[in-house]
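Residue strings, one per chain:
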Amino acid sequence: MNNTRKLLLRKYAVILLLSALSLLYLYLMDWMLGYGPENISYILNYLLYTASEKLTAAVLLLLLIIPDIIYWIRGNQPGRGAEK
């Protein structure tokens, strides 16, 4: 039970670390190329522009998070007998 929760915490810690490193890389490259830090906020205005893009991003985020919430509450993941 605790092993599953540790793995989920590790998974989201890695996702947060990689996200932070990716943003740092973007800001560093914009700074090196002379665009300035406001370039990222300018680009983010056009990232999820339409309602369909926002809805798709929200659904995909929920599909990523909901199974992990279920595994966190149950404390175990489904068996993997078919892989053996």
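This text follows the structure it describes.
Just so it is clear, the model here is predicted, and its values are computed rather than measured.

Q: I'd like a rundown of helix α3 (residues 51-74), residues and numbers included.
A: An α-helical turn contains 3.6 residues, so any two residues separated by three or four positions project in the same direction. Between its first and last C-alpha, α3 extends 34 Å over 24 residues, near the 34 Å set by a 1.5 Å rise per residue. Of the residues flanking the end of α3, it is G75, one or two places downstream, whose phi is positive at about 90 degrees.

Q: Outline a nonpolar patch on the surface, listing residues and values.
A: Among the surface-exposed residues, V14, L17, L18, L21 and L24 lie close enough to one another that they form a single nonpolar patch of about 480 Å² accessible area. Mapped onto the secondary structure, L24 falls in helix α1 (residues 2-33).

Q: Tell me about the packing of aromatic side chains, and please be specific about residues and values.
A: One pass over the structure, following the stated rule, counts 2 aromatic pairs. Taking the centre distance of 5.6 Å and the plane angle of 70 degrees together, the rings of Y42 and Y46 count as edge-to-face. The pair formed by Y42 and Y46 is uniform in burial state, with each residue classed as exposed. Members of the aromatic cluster, each reached through a chain of ring pairs, are Y42, Y46 and Y49.

Q: Help me get a handle on the pattern of salt bridges, residues and values and all.
A: Opposite charge on two side chains lets them pair, provided their charged atoms get close. Counted by the stated rule, this structure contains 1 salt bridge. Notably, a salt bridge pairs D68 with K11, separated by 2.7 Å at the nearest N-O pair. Residue D68 is located in helix α3, and its partner K11 is located in helix α1; the two are separated by 57 residues in the primary sequence. Classification of K11 by relative accessible area gives partly exposed; the value is 31%.

Scoring rules and cut-offs
- Residues numbered from 1 in each chain as written.
- Predicted model: local features only at pLDDT ≥ 70, side-chain atom pairs only at ≥ 80, totals over all residues.
- Heavy atoms only, no water.
- Helix = DSSP H or I, 4+ residues; strand = E, 2+ residues; numbered from the N terminus.
- Expected span 1.5 Å × (residues − 1).
- Patch = residues over 30% accessible without salt bridge, like charges linked within 9 Å, V, L, I, M, F, W, Y side chains within 5 Å.
- Areas by Shrake-Rupley, 256 points an atom, 1.4 Å probe, with all protein chains shown as cover.
- Salt bridge = Lys/Arg side-chain N within 4 Å of Asp/Glu carboxyl O.
- Phe/Tyr/Trp six-rings, centres within 6.5 Å; stacked < 30°, edge-to-face > 60°.
- Buried < 20%, exposed > 50% of the residue type's maximum accessible area, 1.4 Å probe, protein only.

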